[in-house]
Each structure stands twice: as C-alpha cells, then as structure tokens.
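# Remarks on the overall topology
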Amino acid sequence: MTQIQLYSTLTRTKTPFTPIDEKLVRMYVCGPTVYDFAHIGNARPVLVFDTLFRLLRHVYGEKHVVYARNITDVDDKINARAAEMDISIRELTEQTALQFTADVSALNALPPSFEPRATEHIVHMIAMIEALITKGFAYVAEGHVLFQVSTCKNYGALSNRALDEMLAGARVEVAPYKRDAMDFVLWKPSDTQTPGWDSPWGFGRPGWHIECSAMAKAYLGEVFDIHAGGLDLIFPHHENEIAQSCCANGTHEFARYWLHNGFLQVEGEKMSKSLGNFFTIRQLLDAHPAEAIRLCMLMTHYRQPLNWTEKSLQEAINTLDDWYGAIGDVHAGEMPHDALNALADDLNTPKAIAELHVLKTLANKGDNTAKAALKAAANMMGLLQLTQTQWRAARNAHIQLDAAQVEALIAARTQARASKNWAESDRIRADLNALNIEVRDNTDGTVSWQVKA
Ligand code: AMP
Ligand code: ZN
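Every chain's residues receive numbers from 1 upward, in the order its sequence appears when written. Think of it this way: whatever chain is written first is A, whatever ligand is written first is 1, and the rest follow in order. In view of the model being predicted, local features appear only for residues whose pLDDT reaches at least 70, and side-chain atom pairs are presented and counted only at 80 or more, with totals across whole chains, interfaces and linings using the full set of residues. The basis for every side-chain value is the complete set of non-hydrogen atoms in the structure, without hydrogens or water.

All right, on to the site of ligand 1 then. Near is defined per residue: the residue qualifies when any heavy atom it owns lies within 4 Å of the molecule or strand. For ligand 1, the set of nearby residues contains 13 residues, the closest of which are Gly41, Asn42, Gly230, Asp232 and Leu264. Between ligand 1 and Asn261 there is a distance of 3.4 Å, counted from a nitrogen atom to a side-chain nitrogen or oxygen. Interatomic distance of 2.8 Å between a backbone N/O atom of Leu264 and a nitrogen atom of ligand 1. Each accessible area is a Shrake-Rupley estimate made with a 1.4 Å probe; only the visible protein chains count as cover when residues are assessed. Summarising the interface, the protein chains cover 87% of the accessible area of ligand 1, which totals 490 Å² for the free molecule. The way it works is that DSSP assigns letters per residue, a run of H or I at least four long becomes a helix, a run of E at least two long becomes a strand, and they are numbered from the N terminus. Those elements that place two or more of their residues in the shell around ligand 1 are α1 (40–60) and β9 (224–230). Broken down by element, the shell around ligand 1 gets its largest block of residues, 3 residues, from α1. Distance and chemistry together define a polar contact, namely a pair of N or O atoms within 3.5 Å, with one atom able to donate a hydrogen and the other to accept it when in protein, and with adjacent residues in sequence counting only for side-chain atoms on both sides.

Stacked, tilted and edge-to-face are the three classes applied to pairs of Phe, Tyr and Trp rings, where Trp contributes its six-membered ring and a pair requires centres within 6.5 Å; stacked means planes under 30 degrees apart, edge-to-face means over 60, and tilted covers the rest. Taken as a whole and judged by the stated rule, the model has 10 aromatic pairs. Judged by centre distance (5.0 Å) and plane angle (15°), the ring pair of Phe147 and Phe184 falls under stacked. Note that Phe147 is positioned in strand β6 (residues 144–147) and Phe184 in strand β7 (residues 184–189), a separation of 37 residues in sequence. Burial status follows relative accessibility: with a 1.4 Å probe on protein chains alone, a residue under 20% of its type maximum counts as buried, one over 50% as exposed, and anything between as partly exposed. Judged by relative accessible area, Phe147 falls into the buried class, the value being 0%. Take Phe184: its relative accessible area is 7%, and that puts it in the buried class. Note on Phe254 and Trp258: the rings are 6.0 Å apart at their centroids and 50° apart in plane angle, and the pair reads as tilted. Among the residues examined, Phe254 registers a relative accessible area of 2% and is labelled buried. Taking relative accessible area as the criterion, Trp258 reaches 0% and is therefore assigned buried. Every member of this aromatic cluster is reached through a ring pair, and the members are Phe17, Tyr60 and Tyr257. Counting as a charge over the ring demands two things of the Lys NZ or Arg CZ atom: a distance within 6 Å of the ring centre and an angle within 35 degrees of the ring normal. Above the plane of the ring of Phe53 lies Arg57, whose end atom (NZ or CZ) is 5.0 Å from the centre. Against the face of Tyr7 rests Arg303, its NZ or CZ located 3.9 Å from the ring centre.

One finds Leu52, Leu56 and Trp308 to be the most contacted residues of the largest nonpolar core, which totals 73 residues. The element best represented in this core is α1, accounting for 12 residues. Here, two residues are considered to be in contact whenever any of their heavy atoms come within 4.5 Å of each other. Once residues within four sequence positions are removed from consideration, Leu52 is found in contact with Leu6, Met27, Ile226, Leu259 and Leu347. Ranked by size, the runner-up nonpolar core spans 44 residues in total, among them Phe137, Val149, Cys152 and Ile234. What is meant by a nonpolar core is a set of buried Ala, Val, Leu, Ile, Met, Phe, Trp, Tyr and Cys residues, joined one to another through side-chain atoms within 4.5 Å.

Most of helix α7 (residues 234–249) is tucked away, with 14 of its 16 residues classed as buried. Where α7 terminates, the next one or two residues include Gly250, which has phi positive at roughly 70°.

This part covers the coordination of the zinc ion (ligand 2). Any nitrogen, oxygen or sulfur atom within 2.8 Å of a metal ion counts as a donor, with the limit raised to 3.2 Å for Na, K and Ca, and since water is left out, coordination shells can look unfinished. Surrounding the zinc ion (ligand 2) are the protein donor atoms Cys30 (SG), Cys212 (SG), His237 (NE2) and Glu241 (OE), which sit 2.0 to 2.6 Å from the metal. Between the donor residues of the zinc ion (ligand 2), the gaps in sequence give the motif C-x181-C-x24-H-x3-E. Here Cys30 is found in the loop between β3 (25–29) and α1, whereas its partner His237 is found in helix α7, with 207 residues between them in sequence. Residue classification places His237 among the buried residues on the basis of a relative accessible area of 0%.

Turning our attention to the pairing of β9. Where burial is concerned, most of β9 is hidden: 7 out of the 7 residues are buried. At least two DSSP bridges between two strands are required for those strands to pair. Both β3 and β9 contribute to a ladder of 3 bridges, which runs parallel. Bridging across to β9, Val29 finds its partner in Ala228. For the segment spanning β9, α7 and strand β10 (residues 255–261), crossover handedness is right-handed. Here, the term right-handed applies to a crossover whose path from the first strand over the helix to the second runs clockwise when the strands point away from the viewer.

Below is the structure:
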C-alpha cells in the first residue's frame, strides 16, 4: 500500500499518515458560509482537498473513505446579506448553496460523502453545549453561552499561542458578560428578525465554531483522521473547535492531522472588491475552460501562497492542449508510480505535474503505456476527464467568447500607434500575448490576429 505523508499544522512536521481505521478513513473540511457566490480563493481548499480525497480513495479504496464538508447556513453575514437583498434568509442560503454546488462540480470536485447543513444539526450543537456547561467548561451569561478558555488545558496548541499571551494581548473592549477576553460564544440570543431556535438558554442561535464541532462528530465520530481548511481558519476557528470537541467529548484529541492550504492572491495582490481583482468561481468559469482553472490551482503546492495570474491560467491551457494532444482518446491505464509518489508526498501536485510532462514526452514518441499512464495520473487530479474533441470545444467556446475583448484591445493598440504612444501599444501587445493572441500588422495597414498554435 502506498504510504501517504502529510504535514500537520498540529505537529508542524510531515509524518506518515496512519488512519485510525484503514477501513474507514475520515476527513472533515470546513465548507462555505453561503451568503454570496464563492470566490476563487474559496475554490482552493475545495480543489486541494478534493485531490486528497481522490488520493485517499485510490490508496484505501472508494468505500473506505468518508469525507464531510459542511455548509454554514446560519451566520450573521448571511442575515446581513439577506436584509440587503431584501429576500428571506432561507431563499439566500438555498440559492447560494446551489450555486456553490454547481460551481465546484464544474471544477470536477467530487461530491463529499456528506454535506451537512448547520441548521439541520442544531440539536447536536445544543447537546454539545449542554455537556460543556455540565462539565464546567462553559457558562451562561445574559442569554449567551460562552466557552471559558482558561479551563481548557491545551488551548493554543494548534496555533502555537500561549494563553496568557493571548489574554494579555486581547482587545480591551470586551463584551461585559465575558469572564475572560478570550472566551468565545457557543450560543447567542436571537430577536424576531434573526433566525433562532428554542434552547435551554432561550431563543437563540449557535456560534460558528460549535457548528463544525457538532457536525464533525455527527458524521465522523469524536476522534477522526483529517481536518482541513484554509490557513485563516487555524485561529480562532480550528483552535476553538478542538477546545470544544475535546472538552465536551472527554477526549485528548479531535482530529489527528490538521491540514491548511495557503492563501490565493490575484496578480500579486490580496484579492479584494475595492482593488477590482476579485473573481468569483462563476466569473472564471464563464471565461475559461474548467479544467484549466483546476490545473492552475494545482500548479502550486497547497501550503504555498498561490499567485493567480492570467499568465498562469494561459500556461494551464497550453499544458492541457499538450496533454490532450499527446494522449488522443486513450483509456486510463495504471496509475504511474512517480506521479502517485509525488501526490502521496504531502500532496505535491507541482511534482506530479512535472511527472506528467515526462509522460507526455514519451507519449509524443508513440509510447502507448505512457499515454494511458498520463491519463490515469491526470484523472486522479481531476484532470483530462474529457475527450480530445470535448476539450477543443471547451477551449474554443471560450476563445470565441473573448473575441470581442480581443477586437477592443486591437482597436486600442491601433489608436495608440497612430498617436505614437509606443509604451501603451507595447503594453497592449503584452496583454494580447497573455491572452495567447498573435497579432500581425499587414503591409496594407490592416491588423489581423489569431490564437497561437
Ligand atoms: P469562508 O466562506 O470565507 O469562511 O471561506 C471558506 C474557505 O475558503 C475557508 O477554508 C477559507 O480558509 C478559504 N479561503 C478564503 N479565502 C481564501 C483565499 N484567498 N485563498 C485560499 N483560501 C481561502
Ligand atoms: Zn469549521
């Protein structure tokens, strides 16, 4: 059996992955809060951990891997957005969850084994909070239930922070009902405008962290193998999940391996609406073939920061052109060892992609085993799932879509040249180059263009 190695944030080392039960490997990934279209950064954990899911299924067998990814459908961001859009909270969460599913399945993410919604697990959350109160880890104050961080022995182990330092550094404007600044909300009161459920502490709603603790337990048990999400979730979300789960369940551990993906930036900058470099998955899918988006995401190792650029997307398209061209319509063969070992080494997708390039060279020389191996390895990363004809169609559909944009750039370039603004015309040519468009200045003064072969 292939030995997978995983880097865990908890131990800060890469160690051999040994599941608690080989016949039931269990993984939980924090899913989206459904209030708006998911952005391209949100797609990163989905695609990275989907690739891990595929690898685990390959190594342990499809029936022996359970993957839960939740949908957070109760959250104050949702309430605010629904009010802003003047639609009901339910309408907003339903439509956003559907959009999310459509977007990530377009990117070839397999459906998780379970996709629990927070609102369907309120009873589990209430039960867990009751256990925390009974055992002395939580207290009730002014309709709120708070987790008392100072009662939890290992608090700070995941994020590598010392509790006393955190307390000293905590902001001063702390809610008056908190015993300690670091105490966090398990339950809070709702008014008639906000979603709420009856509880022993009155009408209210859960805090975000307890949602994941309760859902993970409901589907995976008290202690399971892998818990994952983006880097920003280490603190406080995952730290709090561990505290709640261990204290409520009376266990000394919650998940064995904690995996975190690095952040995605766009063209070297933090993605933000105000900078105008914010893309939803849907916008990217409208403009580019889905497999190119997926490949582009996997070209960087998941723990590294990822710089999303038009250039890297173009590189992904070219790579797929090469691979599809090399394999024709071959059936997938055996999974090649080198690519498998790369993926097993803490999901080293850039290394696996390099191995695929090696296979491509062999395939281009007519090596049929290499063709079948290339297809198998790409499939394991959720790539090369189309026929060659389908790929060409997908690719050309998007090129057609961009024709108007290309024409506009060429017109702007012609104008820049007419006014002898060479810097501007060079800049536009670089843009066109990035779009893989070749421009030809004809002797009769007209300009023609084509997609580079
Ligand atoms: P959210 O809906 O904001 O809670 O995020 C859902 C998931 O997307 C979490 O695992 C986040 O860590 C992850 N995420 C959000 N923004 C980015 C980003 N720019 N790059 C990578 N992951 C991100
Ligand atoms: Zn979570």
